[in-house]
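The residues making up each chain are set out below.
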Amino acid sequence: MVREQITALRKEMEKANITAYMVPTSDFHGSEYVGEYFQGRAFLSGFTGSAGTLVVTQEMAGLWTDGRYFLQAAEQLKDTGIDLFRLDQEGVPNVKEFLAETLKPGERLGFDGRVVYAREAEELSQKLEKKGVSICYQMDLVDLVWDNRPPLSKKAVMILDVQYAGESRESKIEKIRQKMKQAGADLFLLTSLDDIAWLLNIRGNDVKCNPVVLSYLAMMEDQVLLFANREAFSEEIEEELKQAGVFLRDYQEFYSYIQKIPEDTKVCLDKRKVNYTIVKSLSGRVELVNQTNLTLLPKAVKNQTEMERIREAHRKDGAAVVRFIYWLKTRAAKEKITELSAAVKLEEFRGAQKHYMGPSFTPIIGYQAHGAIIHYSATEESNCQLKPEGLVLLDTGGQYLEGTTDITRTVALGPVTEEEKMYFTLVLKGNLNLSAAKFLYGCRGINLDYLARAPLWERGLDYPHGTGHGVGFFLNVHEAPNGFRYQWIPERGESAVLEEGMLTSNEPGFYLEGKFGIRHENLMLCVKDEKNAYGQFMRFDTVTLVPFDLDAIAKELLSEREKRVLNQYHKRVYQTIAPALEGEVKSWLKEATREI
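Residues numbered from 1 in each chain as written. Predicted model: local features only at pLDDT ≥ 70, side-chain atom pairs only at ≥ 80, totals over all residues. Heavy atoms only, no water.

Trainee: Would you take a moment to explain the sheet that holds strand β16 (residues 364–367) for this structure?
Mentor: Picture the strands of a sheet paired through backbone hydrogen bonds; they go either parallel or antiparallel. Strand order in the open sheet formed by three strands is β16-β17-β20, with antiparallel pairing between adjacent strands. Every other strand in the sheet has two partners, leaving β16 and β20 (407–412) as the edge strands with one partner each. The mean inter-strand angle of the sheet, taken between neighbouring strand axes irrespective of direction, is 10°. Helix-sheet contacts for helix α14 (residues 304–331) involve β17 (391–396) and β20, and the interaxial angle to β20 is about 20°. (Pairing = 2+ DSSP bridges. Helix = DSSP H or I, 4+ residues; strand = E, 2+ residues; numbered from the N terminus. Axes fitted to C-alpha atoms, helices over the stretch in contact; angles between N-to-C directions. Contact = heavy atoms within 4.5 Å.)

Here it is as structure tokens:
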């Protein structure tokens, strides 16, 4: 099928006089995970990972993706005629470099400007214009070759009550208006879905596992316009929004609206977050105030209510995951359990928790060699049985009214090798060291990443992904601007000072292709520690409460400090989670959190 779809695309390219066509992984809002309507790259290439860009010419087709997906992409692209370009590997050009090297004067690059960030498109345009290559950004060729394309989602919208959000939409809107004034802007355009959901205290289900609503937002001094699928809003919700000065408009009206914005209007937007078509529609008619989304930092810094609710969500999630791990370790030798059936069972345990709203991402349950595929997702074809031996990697999460969870545990289902124990422990050392960090205010994730990587780096080893990412509040499981990584990558936005209230994952890993994968992940709230003559010190409060598997630890590799940190964490896990358990599960947790 992939070859036929690429051939059909090439025919449309020829008709439109397009030399190369680019299809990123995105929607009109720059989302990381996208609804079915926007999965054109997956449709054309067969690669289903959450990150990747497809480029097609008449002579070749290439798929660019990062280290999380090298193994998955290599497997899914077999026999498709599509070449895999492994990003950040020596000698591998990125998409911009490839296009600049490949396209010749007089040729044309095509893409749908609604699914490409404005800043990226502008940088690409500048690079290509120097070579005499033109850009055509108003062509959705995917739509021409995708028969039976799914419709745009119109799932029902819900209100997130202030008892969970911790602040009313009126208060949030007023704070953002103050930021608009400081920026000298008359109008603020917001198109990122999680920012809109946060600002208005609404949630939806238009993107799988991400409780967001397909929408655009325009904020002025006296009103807010929300462009969305009106059928998704009940009369009660529409009226509640109207009381806050938020007025609904049809989703499809947004582009005609921005084309009519009066000249000399100062429009605030973030070119790293709005799409190219929006900026081109405004260009020359208004004065652009290009700066970071005004909602980005307020959304990332959780308020006291959110912080309390997050801890509550993780207590519930911890009880569910503990029950699941107990079930897995005690049943693997007695009945047939597969990667897919294990995911169903975990969903059953989570589903029994009050206010559970669904998974926060597609579960990653990889047994032995599958664990080395960093974002592995089992299919009916790849699904394998979990046997009472070796390691299984479990990276899963849940959405609750009280918050979003994301946890990875690597579990020994039976005997494990000394090699597995060594790597298991090296990764655990990194997790423990980062979780115990104490640092002066002003540090960023880039300053602390080394704590997690040091045990591996000292042996000449590494893992091909960031150490951690920000997490939303009953929102997207990946949220900027906080995160841990040793390289500063401006377009990822993970460069913010770590503020009290930021929720960030701590997830070092190690992967041996064809053998096993190991990752240990907890979520941590950044909180204040002591303040003295040297300044305000900060630390992390680990909110994920599930034991690490002591059956897979090489104790001799842990320092006395690391043992102390682990024992303190396990003591807290038992004290917090045990009251929610009973019988054999409670007894098992006591043993699983024993001191070492």
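Trainee: Where do I start with the packing of helix α8 (residues 169–183) against helix α9 (residues 193–200) in this structure?
Mentor: Helix-helix packing is characterised by the crossing angle of the two axes and by the distance between the axes. Closest axis-to-axis distance for the α8/α9 pair is 7 Å, and the angle between their directions is 120°. In terms of orientation, α8 lies oblique with respect to α9. Contact residues: R169, K172, I173 and I176 in α8; W198, L199 and L200 in α9. Taken together, the residues of the contact of α8 with α9 break down into five nonpolar, no polar and two charged. (Parallel < 35°, antiparallel > 145°, perpendicular 65-115°, else oblique. Nonpolar A, V, L, I, M, F, W, Y, C, P; charged D, E, K, R; others polar.)

Trainee: Mind showing me how you'd approach the sheet that holds strand β18 (residues 398–400) here?
Mentor: Taken together, three strands build an open sheet; the order of strands is β15-β18-β19 and the sheet is antiparallel. Every other strand in the sheet has two partners, leaving β15 (356–359) and β19 (403–404) as the edge strands with one partner each. Relative to β19, β18 is paired through two bridges, and the arrangement is antiparallel. Within β19, the position partnered with Y400 by the bridge is G403.

Trainee: I tried to follow the environment of Q252 on my own but got confused; where do I start?
Mentor: Here Q252 shows up in the loop between β12 (246–250) and α11 (254–259). When the C-alpha positions of Q252 and S192 are compared, they lie 16 Å apart, and in sequence the two are 60 residues distant.

Trainee: Help me understand the nonpolar core in this model?
Mentor: What tends to happen in soluble globular proteins is that the nonpolar side chains get buried as a cluster. With 81 residues, the main nonpolar core has L99, L189, L226 and F233 as its most contacted residues. Residue contacts for L99: discarding those within four places in its chain leaves A20, M22, V55, L109, L124 and L128. By size, the runner-up hydrophobic cluster in this structure holds 80 residues, among which are A412, Y423, M538 and L558. (Core = buried A, V, L, I, M, F, W, Y, C linked by side-chain atoms within 4.5 Å. Buried < 20%, exposed > 50% of the residue type's maximum accessible area, 1.4 Å probe, protein only.)

Trainee: Got a minute to help me understand the pattern of salt bridges in this structure?
Mentor: A side chain with one charge can pair with a side chain of the opposite charge if their charged atoms come near. Taken as a whole, this structure holds 41 salt bridges when the rule is applied. Its salt-bridge partner being K302, residue E479 comes within 2.7 Å of it at the nearest N-O pair. Of the two residues, E479 is situated in strand β23 (residues 479–484) and K302 in the loop between α13 (296–300) and α14; the sequence distance between them amounts to 177 residues. Classification of E479 by relative accessible area gives buried; the value is 3%. Here K329 ties to D551 by a salt bridge, and the two come within 3.3 Å at their closest N and O atoms. On the criterion of sequence distance, the pair formed by K329 in helix α14 and D551 in the loop between β28 (535–542) and α18 (560–577) is long-range, its members being 222 residues apart. (Salt bridge = Lys/Arg side-chain N within 4 Å of Asp/Glu carboxyl O.)

Trainee: Teacher, can you tell me more about the packing of aromatic side chains here?
Mentor: A ring pair, where both rings are aromatic, is described by two values, the distance of the centres and the angle of the planes. In the structure shown here, the tally under the stated rule is 25 aromatic pairs. Ring geometry for F28 and F38: centres 4.8 Å apart, planes at 80°, overall edge-to-face. Of this pair, F28 sits in the loop between β1 (20–23) and α2 (40–45) while F38 sits in the loop between β1 and α2, and the two are ten residues apart along the sequence. You can call F28 buried: its relative accessible area is 6%. Residue classification places F38 among the buried positions, given a relative accessible area of 8%. Grouped by ring-pair contacts, the aromatic residues Y216, F227, Y251, F254, Y255 and Y257 constitute a single cluster. (Phe/Tyr/Trp six-rings, centres within 6.5 Å; stacked < 30°, edge-to-face > 60°.)

Trainee: When you look at the state of the cysteines in this model, what are you seeing that I'm missing?
Mentor: Covalent bonding between the sulfur atoms of two cysteines defines a disulfide. Here the structure, examined in full by the defined rule, presents zero disulfides. No disulfide involves C526; its sulfur sits 9.6 Å from that of C443, the nearest cysteine. Residue classification places C526 among the buried positions, given a relative accessible area of 1%. (Disulfide = S-S within 2.5 Å.)

Trainee: Would you mind showing me how to read the packing of α14 against helix α15 (residues 339–351) here?
Mentor: Orientation of α14 relative to α15, taken along the N-to-C sense of each, is 140°, at an axis distance of 8 Å. Here α14 is positioned oblique relative to α15, judged by the angle of their axes. Our pair here, α14 against α15, has a crossing hand that is right-handed. Side by side, α14 and α15 meet where D317, A320, V321, R323, F324 and W327 of the first sit next to A342, K345, L346, F349 and R350 of the second. When grouped by side-chain class, the residues that make up the contact of α14 with α15 number seven nonpolar, no polar and four charged. (Left-handed = near helix turned anticlockwise from the far one by under 90°.)

Trainee: How should I be thinking about unusual backbone geometry in this particular structure?
Mentor: Trans peptide bonds make up the majority, and among non-glycine residues the majority have a negative phi. The residue after A480, namely P481, is reached through a cis peptide bond having omega 10°. Relative to the helices and strands, P481 resides in strand β23. Phi is positive for N17, close to 60°, though the residue is something other than glycine. As for its position among the elements, N17 is in the loop between α1 (2–15) and β1. Residue N17 is classed as exposed on the basis of its relative accessible area, which comes to 54%. The residue D264 is not glycine, and still its phi comes out positive at about 70°. Within the secondary structure, D264 is located in the loop between α11 and β13 (266–269).

Trainee: In this structure, what is going on with the pairing of β23? I would like to understand it.
Mentor: For a regular strand, side chains alternate in direction, first toward one face of the sheet and then toward the other. For β23, the tally of buried residues reaches five of six residues, placing the bulk of the element in the interior. Where strand β22 (residues 468–470) and β23 come together, three bridges link them in antiparallel fashion. Paired with G470 across the bridge in β23 is E479.

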